[in-house]
Amino acid sequence: LRAMGFTEVTADRILRDSALLGFPATFVIAWMYGFWSSRKTLIALGLVTAASLIGLLVFHERLTTSRLLLDLLLVVPITGISSIQAVLVAYASEVFPTRIRARATGLGAGASKLGGVLMIALVVLAIAPPSLAATAVIGAVPMALGALSVVKYGVETRKRRLEEITLGELGAPGRI
């Protein structure tokens, strides 16, 4: 944001305001996961977050003149990414068989943090931090691929017992 001409104080305020605006959405997302669909919640979060990141790329030139557009396009990834991490941990604890559930949930939690670590590594290795547009692309591609992976391989867990999910996925009755 500073590279776009915003002062340090203004950039920090924009990020703070975006996080505060997105906070109520976490309650909607929790409701979606519990009462609508676990799988569809992950898909929707991934696709909406990726679309918002692409929006940062598409509207990059207008962001310095439209604070409202900038705030709206930042609310979704800030809220979406943290919500995806929370939902992913709950989802992983439901879909993996009992014997490996704790390890798999930890692996899922770690993998969800890997993107942030890689982004920091890219910034450290580069001479200058990537632009907002480059950062948006770097984030949108894996986000969209993750959502599409859940479309293809995701399991619905809503209103299903853990044993039923495990048996359905393993395809072997009595092997939990």
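Everything numeric in this text was worked out from a predicted model, so none of it was measured.

Rules of the game
- Residues numbered from 1 in each chain as written.
- Predicted model: local features only at pLDDT ≥ 70, side-chain atom pairs only at ≥ 80, totals over all residues.
- Heavy atoms only, no water.
- Helix = DSSP H or I, 4+ residues; strand = E, 2+ residues; numbered from the N terminus.
- Contact = heavy atoms within 4.5 Å.
- Areas by Shrake-Rupley, 256 points an atom, 1.4 Å probe, with all protein chains shown as cover.
- pLDDT = per-residue confidence, 0-100.
- Salt bridge = Lys/Arg side-chain N within 4 Å of Asp/Glu carboxyl O.
- Buried < 20%, exposed > 50% of the residue type's maximum accessible area, 1.4 Å probe, protein only.
- Core = buried A, V, L, I, M, F, W, Y, C linked by side-chain atoms within 4.5 Å.
- Expected span 1.5 Å × (residues − 1).
- Axes fitted to C-alpha atoms, helices over the stretch in contact; angles between N-to-C directions.
- Parallel < 35°, antiparallel > 145°, perpendicular 65-115°, else oblique.
- Left-handed = near helix turned anticlockwise from the far one by under 90°.

### Side note on the overall build of the chain
Broken down by element type, the chain carries 6 helices and 0 strands. Each helix (α) and strand (β) of the chain, taken in turn from the N terminus, gives the series α-α-α-α-α-α. Partitioning the intrachain contacts of the chain with sequence separation of at least 6 by distance along the chain shows that 71% fall at a separation of at least 24. Of the accessible surface of the chain, which amounts to about 10500 Å², a share of 70% is contributed by carbon and sulfur atoms.

### Observations regarding the confidence of the model for the chain
Looking at the chain, pLDDT values average 81 and 87% of them are 70 or higher. For the chain, per-element mean pLDDT is lowest for helix 6 (residues 162-170), which scores 73, and highest for helix 2 (residues 38-58), which scores 93.

### Some words on the pattern of salt bridges
Evaluated as defined, the whole model comprises 1 salt bridge. Between R160 and E164 there is a salt bridge whose closest N-O contact spans 3.3 Å. Judged by its relative accessible area of 26%, R160 falls in the partly exposed class.

### Focus: the environment of V141
Of note, V141 is situated in helix 5 (residues 132-153). Between the C-alpha atom of V141 and that of A50, which follows or precedes it by 91 residues, the distance is 7.2 Å.

### So, the nonpolar core
Where a protein is soluble and globular, its nonpolar side chains tend to be buried together. Core analysis: the biggest nonpolar cluster contains 14 residues, and L42, L45, V87, Y91 and V155 have the highest contact counts within it. Mapped onto this core, the elements with two or more residues apiece are helix 1 (8-36), helix 2, helix 3 (67-95) and helix 5. Excluding anything up to four places from it in sequence, L42 contacts I84, V87, L88, Y91 and V150. Counting 11 residues, the second largest nonpolar core, distinct from the first, contains I14, L70, L132 and A140.

### What to know about helix 5
With 22 residues, helix 5 extends 31 Å between its outermost C-alpha atoms, agreeing within 8% with the 32 Å of an ideal straight helix rising 1.5 Å per residue. Along helix 5, the residues that are buried comprise L132, A133, A136, G139, A140, M143, A147 and V150. Where helix 5 is buried, its residues touch helix 2 and helix 3.

### Here we look at the packing of helix 3 against helix 4 (residues 101-125)
In the contact formed by helix 3 and helix 4, the axes pass within 8 Å of each other and the chain directions differ by 160 degrees. Taken together, the axis directions place helix 3 and helix 4 in an arrangement best described as roughly antiparallel. Seen along the crossing, helix 3 lies across helix 4 with a hand that is right-handed. Between helix 3, through Q85, L88, V89, A92, S93 and E94, and helix 4, the contact on the second element is made entirely by R101, A104, T105, G108, A109, S112 and K113.

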